[in-house]
Amino acid sequence: MDKILIVEDEPALIETLEYNLSRQGYRVTTAQDGFSALAMARQAHPDLILLDVMLPGLDGFEICRILRQEMNVPILILTARDDEVDKIVGLEVGADDYLTKPFSMRELLARIKAHLRRVRLIREEMGSEDETPNGTAITQRKLVFDNLVLDPDRHEVLLNGNVLHLKPKEYELLVFLAHNRRIVLGRDLILERVWGWDYSGGSRTVDVHVRWLREKIEVDPADPQRIVTVRGTGYRFEG
Ligand code: CA
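Since we're looking at a predicted model, the values are computed, not measured. (Residues numbered from 1 in each chain as written. Predicted model: local features only at pLDDT ≥ 70, side-chain atom pairs only at ≥ 80, totals over all residues. Heavy atoms only, no water.)

Engineer: Break down the overall build of the protein chain for me, with residues and values.
Structural biologist: The helix and strand tally for the protein chain stands at eight helices and 12 strands. Across the 239 residues in the protein chain, those meeting the buried criterion constitute 49%. When contacts within the protein chain are restricted to residue pairs at least 6 apart in sequence, long-range pairs at least 24 apart make up 56% of them. Carbon and sulfur atoms form 50% of the exposed surface of the protein chain, whose accessible area is close to 12,400 Å². (Helix = DSSP H or I, 4+ residues; strand = E, 2+ residues; numbered from the N terminus. Buried < 20%, exposed > 50% of the residue type's maximum accessible area, 1.4 Å probe, protein only. Contact = heavy atoms within 4.5 Å. Areas by Shrake-Rupley, 256 points an atom, 1.4 Å probe, with all protein chains shown as cover.)

Engineer: Please provide a residue-by-residue account of unusual backbone geometry, values included.
Structural biologist: Along the chain, Lys101 connects to Pro102 via a cis peptide bond; the corresponding omega equals -5°. Counting through the fold element by element, Pro102 comes out in the loop between strand S5 (97–100) and helix H5 (105–126). For Asn160, which is not a glycine, the phi torsion comes out positive at approximately 50°. Residue placement: Asn160 occurs in the loop between strand S8 (156–159) and strand S9 (162–163). Since its relative accessible area comes to 54%, Asn160 is described here as exposed. The phi dihedral of Arg182 is positive, around 65°, even though this residue is not glycine. Along the chain, Arg182 turns up in the loop between helix H6 (168–179) and strand S10 (184–186).

Engineer: Outline the sheet that holds S8, supporting the account with residue identities and numerical values.
Structural biologist: Judged by pairing direction, the sheet is antiparallel, and its four strands sit side by side in the order S6-S7-S8-S9 without closing on themselves. Single-partner strands in this sheet number two, and they are strand S6 (143–145) and S9. One ladder, built from two bridges, connects S8 with S9; its direction is antiparallel. Among the inter-strand pairings, Leu158 is bridged to a residue of S9, identified as Val163. (Pairing = 2+ DSSP bridges.)

Engineer: Run through the coordination of the calcium ion, naming residues and quoting values.
Structural biologist: Donor atoms from the polypeptide that bind the calcium ion are Asp9 (OD), Asp52 (OD) and Met54 (O), placed at 2.1 to 2.3 Å. Sequence spacing of the donor residues for the calcium ion, all on one chain, is D-x42-D-x1-M. With Asp9 in the loop between strand S1 (3–7) and helix H1 (11–23) and Met54 in the loop between strand S3 (48–52) and helix H3 (60–70), this pair connects stretches of sequence that are 45 residues apart. Exposure remark for Asp9: the relative accessible area of 31% places this residue in the partly exposed category. (Donors = N, O, S within 2.8 Å, 3.2 Å for Na, K, Ca; no water.)

Engineer: Talk me through the packing of H6 against helix H7 (residues 187–195); I want residue IDs and the actual numbers.
Structural biologist: H7 packs onto H6 with a crossing angle of 120° between their chain directions and a minimal axis gap of 10 Å. Between H6 and H7, the angle is such that the two are oblique. As for how H6 packs across H7, the hand of that crossing is right-handed. On H7, the residues that touch Lys169, Glu172, Leu173, Phe176 and Leu177 of H6 are Leu189, Ile190, Arg193, Val194 and Trp195. Grouping the amino acids of the contact of H6 with H7 by side-chain chemistry returns seven nonpolar, no polar and three charged. (Axes fitted to C-alpha atoms, helices over the stretch in contact; angles between N-to-C directions. Parallel < 35°, antiparallel > 145°, perpendicular 65-115°, else oblique. Left-handed = near helix turned anticlockwise from the far one by under 90°. Nonpolar A, V, L, I, M, F, W, Y, C, P; charged D, E, K, R; others polar.)

Taken by themselves, the reported measurements are silent on function.
This is the structure we're talking about:
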């Protein structure tokens, strides 16, 4: 049974969504603000997320951007504003789809079905072992690079079996690098994907965080083997 997380702060809409999705046989969990949405997504590992944009706490775009770094779940953004800008931002932060309120329940259900099917096909192709006997994906695969292990389920990084204490952005940066192993990543791209498309801190931010990460994961931070500098461009994660 597929699990759907509804992130929405409008009680009437939550009720309608919950009713209709449960009736279709989905297991439904809900979160009503940005921070509980993140916690719920990390804890419950939903198969799909319906994400409102205007929320107390973090907004939907911010949530989407953060979750995108951590999990591969389809994210459908729901917004009250019929605004082209929203749509573009939604896609830039990694949303899979976009629906403008008010939407028809039939349209929503069709899209949900299509995305769940797409994910299932990808999983089958990859021969994923992440499936439990009832067919629900529960855990994410750990990323193992020799003595360095990233565990997205626990939100932990281990070096030689010891948990590293990383700042949230160090963690997100490392996850992003690890997911793009051996690919040269420009500072602007890293900035956009880890800090957000409109982040104004500049690419020095990336350099500073890379330096901090190196101090934690490199044998010799002055001669990095894991996060390599690509002159004039950015960085490449070697593993
Ligand atoms: Ca709202």
